Amino acid sequence: MRVELRVNGLEAAAECWEGESLLYALRERLGYPGSKNACEQGECGSCSVLLDGRLVCACLVLAAQADGHELTTVEGLAPPGGLHPVQEAFLEAGAVQCGFCTPGLVVATVDLLERTPHPSDAEIREALSGNLCRCTGYEKILDAVRNAAGR
Ligand code: FES
Ligand code: FES
């Protein structure tokens, strides 16, 4: 089936299998590999994207469900060659080690700060509770979100 959507402000289309995930379509058909595939079960958050402005796990959404909708991936947060303030905050705080979880955490943080510009630590922990990191121990990530919130 043909799926047509807007990704990061650009028209996009692909022929997809009916049961195909949005994550697979993004990575393998549409040329957006920034969203990572770690669990494919909605457990890790590495595939987080904004679908019509709502945070979702792209591995749990069918590509067909995104037909006609608006998608923002980590690639679309900043202009080409630039960094979003949240990405800068992650780099400056040392919140990136292997980096596999980072795109999902950045998208989830952007979503949090758009809804709650000055979150408490409890709100940060709650908002990022669906994003797993196996490297950092989370403290640097919390520092990064606190710093980003001030920008
Ligand atoms: S790959 Fe989607 S939640 Fe883990
Ligand atoms: S930096 Fe490696 S999983 Fe988070």
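Relevant structure appears above.
First, a word on what this report is: a plain description of the structure on this page. Starting from 1, residues in each chain are numbered consecutively following that chain's sequence as written. Each chain is given a letter, starting from A, and each ligand a number, starting from 1, according to the order in which they appear as written. It should be noted that, the model being predicted, local features are given only for residues of pLDDT at least 70 and side-chain atom pairs only at 80 or more, the latter also being counted only at that level, while totals for whole chains, interfaces and linings use all residues. Here the side-chain values reflect all heavy atoms present in the structure, with hydrogen atoms and water set aside.

On to the pattern of salt bridges, then. For this document, the term salt bridge refers to a Lys or Arg side-chain nitrogen within 4 Å of an Asp or Glu carboxyl oxygen. Evaluation of the coordinates by the stated rule reveals nine salt bridges. Residue R29 is joined to E20 by a salt bridge in which the shortest nitrogen-to-oxygen separation is 2.6 Å. Owing to a relative accessible area of 39%, R29 belongs among the partly exposed residues under this scheme. When its relative accessible area of 5% is taken as the criterion, E20 is described as buried. For each residue, the accessible area found with a 1.4 Å probe, counting protein chains only, is set against the maximum for its type, and the residue is called buried under 20%, exposed over 50%, and partly exposed in between.

Residues V86, F90, V106, L128, I141 and V145 are the most contacted members of the largest nonpolar core, which totals 25 residues. In terms of residue count, the dominant contributor to this core is helix α3 (residues 102–115) (seven residues). Whether two residues touch is decided by their heavy atoms; if any such pair falls within 4.5 Å, the residues are in contact. If we ignore the near neighbours within four places in the chain, the residues touching V145 are F90, T109, L112, I124 and L128. One finds A14, C16, V49 and C57 within the second-largest nonpolar core, a separate group that totals 22 residues. Only buried residues count toward a nonpolar core. Its members are Ala, Val, Leu, Ile, Met, Phe, Trp, Tyr and Cys residues joined through side-chain atoms within 4.5 Å. Strands are runs of DSSP state E lasting at least 2 residues, helices are runs of H or I lasting at least 4, and numbering of each runs from the N terminus.

Only one face of strand β1 (residues 2–7) is buried: it carries V3, L5 and V7, and the other face, with R2, E4 and R6, is open. Pairing between strands is defined by DSSP: at least two bridges between the two strands are required. Taken together, the six bridges between β1 and strand β2 (residues 10–15) define a ladder with antiparallel strand orientation. Note that in β2 the partner of V3 across the bridge is A14. Where β1 hands over to β2, the hairpin turn is made up of two residues, of which N8 adopts a positive phi near 55 degrees. Relative to strand β5 (residues 70–72), β1 runs parallel, the two being bridged by two bridges. Bridge assignment links R6 to a residue of β5, and that residue is E70.

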